[in-house]
There are 2 protein chains.
Amino acid sequence: MSQSVQVESSLPVYRQIDGHHAPVPFLLTRDMFGGIPVELGGAEITALVDRPVAEPHVHDVPEIYLLIAPTPGAAVIDVEVDGETVRLTAPAALYVPAGCRHHFITRSAVPGSYCYGLFLHSPLERSEDHEPC
Amino acid sequence: MSQSVQVESSLPVYRQIDGHHAPVPFLLTRDMFGGIPVELGGAEITALVDRPVAEPHVHDVPEIYLLIAPTPGAAVIDVEVDGETVRLTAPAALYVPAGCRHHFITRSAVPGSYCYGLFLHSPLERSEDHEPC
């Protein structure tokens, strides 16, 4: 097997993130696998109905929210972006440009539903389509 | 709200991928959000125990396997990379360099367990650590 195949099995790792009420569990961080251009934070959300995990906050990189559930419609979150609310019904993805103030609130979730944030640290391909707030 | 906030709600999208027995469901593809440097494919795996979804195959970009379950240990997969097998127990992540022949087989999974492949299309930060097979 290639020496380059690497496993991360002591997951999640917890990171303090601005605006969040508690350390955030991450499955991917930039220091893994010799340096990757993404991070992935989030968790199962069954216990989070109507409980935001963070105050509205900003990042200096784009974030894609990913909402996953065992069956279509089995999880719903409200994502607040710059003071307006976008409702996501699983499965769904929402792109938050760098600098936009945001957070999410779970509205319903069956067991096995997850909300993740995928942070993109690499340059985007068509930057003109990604205006910051 | 910023014009740049974009939602993908008609998910998953299905793509034919080399080596796979059926079109693969994707939550993220490169054409979304004006062009992103990653793709994310995968699904709930409860119905896939001992049923590989693909023959061993290669990609021209690195892929990170992500194994997620409601509780630690509640899903197990075997990832075969260049003919050797690595066992992953949720939550876990495994890095497959570009060019390495690979596939996975689910060994156990409670409802709400998922296996995703995150494809990295952007240049890696420390390329010397990512030798191809």
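*Asks:* Quick one: what's the story with the overall build of chain A, residue by residue and with numbers?
*Replies:* Within chain A, the secondary structure is distributed over 0 helices and 10 strands. For chain A, the C-alpha radius of gyration of 15 Å lies close to 14 Å, the compact-globule estimate for 133 residues. Each of the three principal axes of chain A carries a C-alpha extent, and together these read 45 × 40 × 30 Å. Relative to its full complement of 133 residues, chain A shows a buried share of 55%. When contacts within chain A are restricted to residue pairs at least 6 apart in sequence, those whose partners lie at least 24 apart make up 67%. A total of about 5,600 Å² of accessible surface is found on chain A, and carbon and sulfur atoms cover 50% of it. Of the side chains in chain A, 7 bear a positive and 17 a negative charge, and the two mean positions are spaced by 4 Å.

*Asks:* Tell me about unusual backbone geometry, and please be specific about residues and values.
*Replies:* All names here are of chain B. Residue Pro12 follows Leu11 across a cis peptide bond; omega there is -5 degrees. The residue Pro12 is located in the loop between strand 1 (6-8) and strand 2 (13-15) in this model. Backbone torsion omega between Ala90 and Pro91 reads -5 degrees, so that peptide bond is classified as cis. Summarising the element assignment, Pro91 is placed in the loop between strand 7 (84-89) and strand 8 (92-96). Even without being glycine, Phe33 reaches a positive phi, approximately 55 degrees. In this structure, Asp50 is a non-glycine residue whose phi angle is positive, near 65 degrees. Tracing the sequence through the fold places Asp50 in the loop between strand 4 (38-44) and strand 5 (63-68). Judged by its relative accessible area of 48%, Asp50 is partly exposed.

*Asks:* Tell me about the sheet that holds strand 5 of chain B, and please be specific about residues and values.
*Replies:* Strand order in this open sheet of 7 strands is 1(A)-8(B)-5(B)-10(B)-4(B)-3(B)-2(B), and the pairing throughout is antiparallel. In this open sheet, the two strands that pair with only one neighbour each are strand 1 (6-8) of chain A together with strand 2 of chain B. Each strand axis lies, on average, 30 degrees off the axis of its neighbour in the sheet, ignoring direction. Here 5 bridges tie strand 5 of chain B to strand 8 of chain B, and the two strands are oriented antiparallel to one another. Each bridged residue has a counterpart across the sheet, and for B:Leu66 the counterpart in strand 8 of chain B is B:Ala93.

*Asks:* An account of the state of the cysteines is needed here, citing residue identities and associated values.
*Replies:* Residue and element names in this part refer to chain A. Throughout the structure, instances matching the rule amount to 0 disulfides over all chains. In this model Cys115 remains outside any disulfide bridge; the closest cysteine sulfur is found in Cys100, 17 Å from its own. Given a relative accessible area of 4%, Cys115 falls into the buried group.

*Asks:* A description of the pattern of salt bridges should follow, citing residues and the corresponding values.
*Replies:* Residues and elements named next belong to chain B. Under the definition given, this model contains 8 salt bridges over all chains. Residue Arg87 is joined to Asp78 by a salt bridge in which the shortest nitrogen-to-oxygen separation is 2.7 Å. Its relative accessible area of 9% is what places Asp78 among the buried residues. Here Asp78 and Arg107 are joined by a salt bridge, their closest N and O atoms 2.8 Å apart. Linking Asp78 in strand 6 (residues 75-81) with Arg107 in strand 9 (residues 102-109), this pair joins segments that are 29 residues apart in sequence. Its relative accessible area of 33% is what places Arg107 among the partly exposed residues.

*Asks:* Any chance you could break down the sheet that holds strand 7 of chain B for me, citing the residues and the numbers?
*Replies:* All names here are of chain B. Read across the open sheet, the 3 strands follow the order 7-6-9; overall the sheet is antiparallel. In this open sheet, the two strands that pair with only one neighbour each are strand 7 and strand 9. Each strand of the sheet is rotated relative to its neighbour by a mean of 20 degrees, with strand direction disregarded. Bridge count between strand 6 and strand 7: 6 bridges; the pairing is antiparallel. Residue Val76 lies in a different strand from strand 7, and its bridge partner there is Thr89.

*Asks:* Can you break down the interface of chain B and chain A residue by residue, with the values?
*Replies:* Tallying the contact residues gives 51 residues for chain B and 51 residues for chain A. Overall, the association of chain B and chain A removes approximately 4,200 Å² of surface from exposure, summing both partners, and the carbon and sulfur fraction of that is 66%. In this assembly, chain B and chain A are joined by 0 salt bridges. Counting every contact that joins chain B to chain A gives 9 residue pairs in polar contact (both at pLDDT 80 or more). Every element with two or more residues in the side of chain B that touches chain A is listed here: strand 1, strand 3 (24-28), strand 4, strand 5, strand 7, strand 8 and strand 10 (114-120) of chain B. Residues of the side of chain B that touches chain A, tallied by class, amount to 34 nonpolar, 9 polar and 8 charged. Two elements, strand 8 (residues 92-96) of chain A and strand 1 of chain B, share 3 bridges in a ladder whose sense is antiparallel. Looking across to strand 1 of chain B, one finds that A:Leu94 is bridged to B:Val7.

Rules and cut-offs
- Residues numbered from 1 in each chain as written.
- Chains lettered and ligands numbered in written order.
- Predicted model: local features only at pLDDT ≥ 70, side-chain atom pairs only at ≥ 80, totals over all residues.
- Heavy atoms only, no water.
- Helix = DSSP H or I, 4+ residues; strand = E, 2+ residues; numbered from the N terminus.
- Rg over C-alpha atoms; globule rule 2.2 N^0.38 Å.
- Buried < 20%, exposed > 50% of the residue type's maximum accessible area, 1.4 Å probe, protein only.
- Contact = heavy atoms within 4.5 Å.
- Areas by Shrake-Rupley, 256 points an atom, 1.4 Å probe, with all protein chains shown as cover.
- Lys, Arg positive; Asp, Glu negative; His and termini not counted.
- Charge placed at Lys NZ, Arg CZ, Asp CG, Glu CD.
- Pairing = 2+ DSSP bridges.
- Axes fitted to C-alpha atoms, helices over the stretch in contact; angles between N-to-C directions.
- Disulfide = S-S within 2.5 Å.
- Salt bridge = Lys/Arg side-chain N within 4 Å of Asp/Glu carboxyl O.
- Buried area = accessible area lost by both parts, 1.4 Å probe.
- Polar contact = N/O pair within 3.5 Å; in protein donor to acceptor, adjacent residues only side chain to side chain.
- Nonpolar A, V, L, I, M, F, W, Y, C, P; charged D, E, K, R; others polar.

No statement about biological role is implied by the geometric values presented.
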